[in-house]
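Listed here are the chains, written in short residue letters.
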Amino acid sequence: MKKFAMAFGLLLIPLMMSAAAGGGEEGGEQNGHGGEKEGLDVGAFIAHHTGDSHDYVIEIPFFKYTLHLPVILWTDKGLSVFSSAKFKGDNEGKVVVTDKKGNKFVKIHEVIYYADKVKDNPHPNVFDFKSRPLDFSFTRNALAILFVFLILLVLIYFTRKVYYEPDKVPRGIAKFIEPLIIFVRDEIAIPNIGPDKYEKYMPYLLTVFFFILLSNLIGLIPFAPFGHNITGNIVVTFVLALFTFILTTLAGNKHYWKHIFNPPVPAFVKPIMIPVEIMGMFIKPFALMVRLFANMFAGHTILISLVLLIFIFGSVLFAPVSGLFYVFMGFIKILVAFLQAYVFTILSALFIGLALAEDHEEEHGEKPELANH
Amino acid sequence: MAISLAAVGAGLAVIGAGLGIGKIGGMATEAMARQPEFAGKIQTAMLITAAMVEGVALFAVIVAILEIYS
Amino acid sequence: MNLTSPETLVFWMTLFFLIFAYLLTKLGWKPILTAVKEREKAIEEAVKEAERTRQEMAKLKAENEELLQQARREREEILREARELKDKIIAEARSEAEKVRSEELAKTRKLIEAEKEAVLKDLQNQVATISLEIAEKVLGEQFADREKQVEYIKKNLSALKLN
């Protein structure tokens, strides 16, 4: 294990240096606003690497390939599709792209606006829908999501093939995946949802668990087709939390709604409790979203910053130190990856279980779990 | 030297997280020392609670980042 | 934090999540979960079966023991009866023998008695004859009618009652 860690760390250093070198070139080209050093804008670099992008840049030592992903826009005049190559790698709104329908677009920090609206308003907001079309491009993160799901599909397919002979001991990849599946079932689903109702929700919990786990782990690998930070993007976690919220709401039985809109408290407390309960109903998935996003985003930012330390200090000799920090933080991040996937899944299961909870818990004034103490 | 309030806020949040998770870890090890046969369950509970507390602290970090970018 | 247009990822993420959740469920989760459950059920069945077999084995062994015990007891029983029978037969034989012997003894005694009687009678006769002869010789005369005199002496002798 130690030898593996050392080899991994040693391999990482040149990779990180090359990757950062490529980024350094970019940073040098764009003098982003607020950058104090010339040559490398840390903020823009981090934003570029943890955010989304319309291009897919594969960068391994001595090889740089940019895949220009399609840009799909829904403008006032209809659908408009073109390759992001037309923007020629510009992120400052200087290149104006005209499509077949005559719309002109500029791209500022990876957000596409109408060119004429930007002329009036040089610092537009991403939420200003008058000055930008609806963007449905197949961005880098969308590609990464597809990639994660494809890997998951392949893994699960190979796991399932083992089960054509159900009496034998599982072999191959099933040896790793099956204990995880059983773990999700026995430790997460059954204790929280109950042994009679958990089967309906197992597919969702399993998908969420493996998706978060895989995308966290993939985000930690720095080289080519991996290394994309999807769970560190708040929109992705928003969608996951949204699904949990939808499932919880759909699964709520009468008891659950009674609790929210008519909690069993004395009448003078009710006007306070009811808004609190309603807010709680929304805040719980919100917390899920922010927790996962913040953990992953912070982790990736730290990792990238560790590499950028080399450039901030401006000396190659800092590379081993940085590489060591990187390996160390990488291990912590692996733990955090598993943990965050586990916590998200178990909280989802908990919320679903709470929504499905039967009666007879509050009425009798005692909670069954406490009886074991 | 520009003091960015966002950075100060993030630092304070980290103090809170450190205190909270430290206390969780301390109590958990104490409980494990008292009853070694429950060590597995206690460890699980400790990890989950630590994740929760860290999530709350990261709320503050997010707010700080939002302040930087706008 | 680079918030690119949120609707991009909302759209793609929802799309991919729904598509792949469905695919994964159909291809992966459902078959694996059912297979695992079947396996668990089979294991439970096998364990129960093993338990049941063990219990049956134990029961059979107990029954065998029971049978053996019973056989042993019956053997004891039989032996005891045989012994008793033997004793009884011996006793009977002995008593039978006793009886026969005493009968024989009695018969022999009777015979002896009879013989003695006979011998005595014979002796009586001989004594009569001899005494007659002696008397003849002494008296020098022959008694007339020897038979009458034998009768007379027999009468006297029987009056003496010789034993």
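Criteria and thresholds
- Residues numbered from 1 in each chain as written.
- Chains lettered and ligands numbered in written order.
- Predicted model: local features only at pLDDT ≥ 70, side-chain atom pairs only at ≥ 80, totals over all residues.
- Heavy atoms only, no water.
- Helix = DSSP H or I, 4+ residues; strand = E, 2+ residues; numbered from the N terminus.
- Rg over C-alpha atoms; globule rule 2.2 N^0.38 Å.
- Areas by Shrake-Rupley, 256 points an atom, 1.4 Å probe, with all protein chains shown as cover.
- Salt bridge = Lys/Arg side-chain N within 4 Å of Asp/Glu carboxyl O.
- Buried < 20%, exposed > 50% of the residue type's maximum accessible area, 1.4 Å probe, protein only.
- Domains from an automatic or database assignment.
- Contact = heavy atoms within 4.5 Å.
- Buried area = accessible area lost by both parts, 1.4 Å probe.
- Polar contact = N/O pair within 3.5 Å; in protein donor to acceptor, adjacent residues only side chain to side chain.
- Nonpolar A, V, L, I, M, F, W, Y, C, P; charged D, E, K, R; others polar.
- Patch = residues over 30% accessible without salt bridge, like charges linked within 9 Å, V, L, I, M, F, W, Y side chains within 5 Å.
- Core = buried A, V, L, I, M, F, W, Y, C linked by side-chain atoms within 4.5 Å.
- Pairing = 2+ DSSP bridges.
- Axes fitted to C-alpha atoms, helices over the stretch in contact; angles between N-to-C directions.
- Parallel < 35°, antiparallel > 145°, perpendicular 65-115°, else oblique.
- Phe/Tyr/Trp six-rings, centres within 6.5 Å; stacked < 30°, edge-to-face > 60°.

**As for the overall build of chain B**
No. 1: Secondary structure summary: chain B contains 2 helices and 0 strands in total.
No. 2: Relative to the compact-globule value of 11 Å for 70 residues, chain B shows a C-alpha radius of gyration of 16 Å, a clear excess of over 25%.
No. 3: The principal-axis extents of the C-alpha atoms in chain B amount to approximately 55 × 20 × 10 Å.
No. 4: Accessible surface, chain B: about 4,600 Å² in total, of which carbon and sulfur atoms supply 74%.

**Section: the environment of Ile332(A)**
No. 1: Here Ile332(A) lies in helix H10 (residues 319–355).
No. 2: Residues Ile332(A) and Gly299(A), spaced 33 residues apart in sequence, show a C-alpha to C-alpha distance of 9.0 Å.

**Regarding the pattern of salt bridges**
No. 1: In this structure the tally under the stated criterion is 9 salt bridges over all chains.
No. 2: Arg34(B) serves as the salt-bridge partner of Glu30(B), at 3.3 Å between the closest nitrogen and oxygen. In this pair, Glu30(B) and Arg34(B) both sit in helix H1 (residues 5–34), 4 residues apart, roughly one turn of the helix.
No. 3: You can call Arg34(B) exposed: its relative accessible area is 66%.
No. 4: Sharing partners across several salt bridges, the network here consists of Arg185(A), Asp186(A) and Glu40(C).

**Here's the deal with the domain arrangement of chain A**
Residues and elements named next belong to chain A.
No. 1: Domain parsing of chain A yields domain 1 (24–136) and domain 2 (142–364).
No. 2: Residue-level contacts link 12 residues of domain 1 with 15 residues of domain 2.
No. 3: Approximately 1,200 Å² of surface area, both sides summed, lies buried where domain 1 meets domain 2, with 77% of it carried by carbon and sulfur atoms.
No. 4: At the boundary of domain 1 with domain 2, the tally comes to 0 salt bridges.
No. 5: Linking domain 1 to domain 2 there are 0 residue pairs in polar contact (both at pLDDT 80 or more).
No. 6: Of all elements in the fold, only helix H2 (42–50) and strand S1 (55–60) reach the threshold of two or more residues within the side of domain 1 that touches domain 2.
No. 7: Ranked by residues supplied to the side of domain 1 that touches domain 2, first place goes to H2 with 5 residues.
No. 8: Considering only residue class, the side of domain 1 that touches domain 2 consists of 8 nonpolar, 2 polar and 2 charged.

**So, a nonpolar patch on the surface**
No. 1: On the surface, Ile3(B), Leu5(B), Val8(B), Leu12(B), Ile15(B) and Leu19(B) cluster together into a nonpolar patch covering about 660 Å² of accessible area.
No. 2: Mapped onto the elements, Leu12(B) comes out in helix H1.

**A word on the nonpolar core**
The tendency in soluble globular proteins is for nonpolar side chains to be buried as a group.
No. 1: Counting 72 residues, the largest nonpolar core has Ile145(A), Phe211(A) and Leu240(A) as the members making the most contacts within it.
No. 2: Each of domain 1 (24–136) and domain 2 (142–364) of chain A accounts for three or more of the residues forming this core.
No. 3: Counting 10 residues, the second largest nonpolar core, distinct from the first, contains Val290(A), Phe297(A), Val61(B) and Ile62(B).

**Details of the sheet that holds strand S6 (residues 104–108) of chain A**
All names here are of chain A.
No. 1: Spatially, 3 strands are ordered S5-S6-S7 in an open sheet, and the strand pairing comes out antiparallel. Of all the strands in the sheet, the pair left with one neighbour each is strand S5 (97–98) and strand S7 (111–114).
No. 2: Relative to S7, S6 runs antiparallel, the two sharing 4 bridges. Within S7, the position partnered with valine 106 by the bridge is tyrosine 113.

**Digging into the interface of chain C and chain A**
No. 1: Contact residues are listed per partner, giving 34 residues for chain C and 56 residues for chain A.
No. 2: Put simply, chain C and chain A have 3 salt bridges between them.
No. 3: Glu178(A) is the partner of Arg39(C) in a salt bridge, and the nearest nitrogen-oxygen pair spans 2.5 Å.
No. 4: Remark: the boundary between chain C and chain A carries 7 residue pairs in polar contact (both at pLDDT 80 or more).
No. 5: Residue composition of the side of chain C that touches chain A, by class: 22 nonpolar, 7 polar and 5 charged.

**Re the interface of chain A and chain B**
No. 1: Tallying the contact residues gives 16 residues for chain A and 12 residues for chain B.
No. 2: In total, about 1,100 Å² of surface goes out of reach between chain A and chain B, with carbon and sulfur atoms giving 82% of it.
No. 3: At the junction of chain A and chain B, the tally comes to 0 salt bridges.
No. 4: Our enumeration of links across chain A and chain B arrives at 0 residue pairs in polar contact (both at pLDDT 80 or more).
No. 5: Those elements that provide at least two residues to the side of chain A that touches chain B are H2, helix H9 (270–313) and H10 of chain A.
No. 6: For the side of chain A that touches chain B, the leading source of residues is H9(A), giving 8 residues.
No. 7: Residues that form the side of chain A that touches chain B fall into these classes: 12 nonpolar, 3 polar and 1 charged.

**A few points about the packing of helix H8 (residues 254–261) of chain A against H9(A)**
Residues and elements named next belong to chain A.
No. 1: One can describe the packing of H8 onto H9 by two numbers: an axis separation of 7 Å at closest approach and a directional angle of 125°. The angle between H8 and H9 places the two elements in the oblique class. Residues Tyr256, Trp257, His259, Ile260 and Phe261 of H8 lie in contact with H9, whose contacting residues are Ile274, Glu277, Ile278 and Met281.
No. 2: Residue composition of the contact of H8 with H9, grouped by class: 7 nonpolar, 1 polar and 1 charged.

**Notes on the packing of aromatic side chains**
How two aromatic rings sit relative to each other is set out by the distance from centre to centre and by the angle between their planes.
No. 1: Per the stated rule, a full pass over the model turns up 19 aromatic pairs over all chains.
No. 2: Taking 5.1 Å as the distance between ring centres and 65° as the angle between the ring planes, the aromatic pair formed by Phe136(A) and Phe11(C) counts as edge-to-face. A residue pair is termed interchain when its members come from two chains, as with Phe136(A) in the loop between strand S8 (134–135) and helix H4 (140–161) and Phe11(C) in helix H1 (residues 6–139).
No. 3: With relative accessibility at 23%, the residue Phe136(A) sits in the partly exposed group.
No. 4: On the basis of relative accessibility, which here comes to 35%, the residue Phe11(C) falls in the partly exposed class.
No. 5: Ring plane angle 75° and centroid distance 4.9 Å describe the contact between Phe138(A) and Trp12(C), whose orientation is recorded as edge-to-face. In this pair, Phe138(A) sits in the loop between S8 and H4 while Trp12(C) sits in helix H1, so the two residues belong to two different chains.

**Focus on the packing of helix H5 (residues 174–193) of chain A against H1(C)**
No. 1: The contact between H5(A) and H1(C) brings their axes to 11 Å, and the two run at 85°. Viewed along their axes, H5(A) and H1(C) adopt a mutual orientation that is roughly perpendicular. Taking contact as the criterion, the partners of Glu178(A), Ile181(A), Ile182(A) and Arg185(A) in H5(A) are, on H1(C), Trp29(C), Ile32(C), Leu33(C), Val36(C), Lys37(C), Arg39(C) and Glu40(C).
No. 2: Taken together, the residues of the contact of H5(A) with H1(C) sort by class into 6 nonpolar, no polar and 5 charged.

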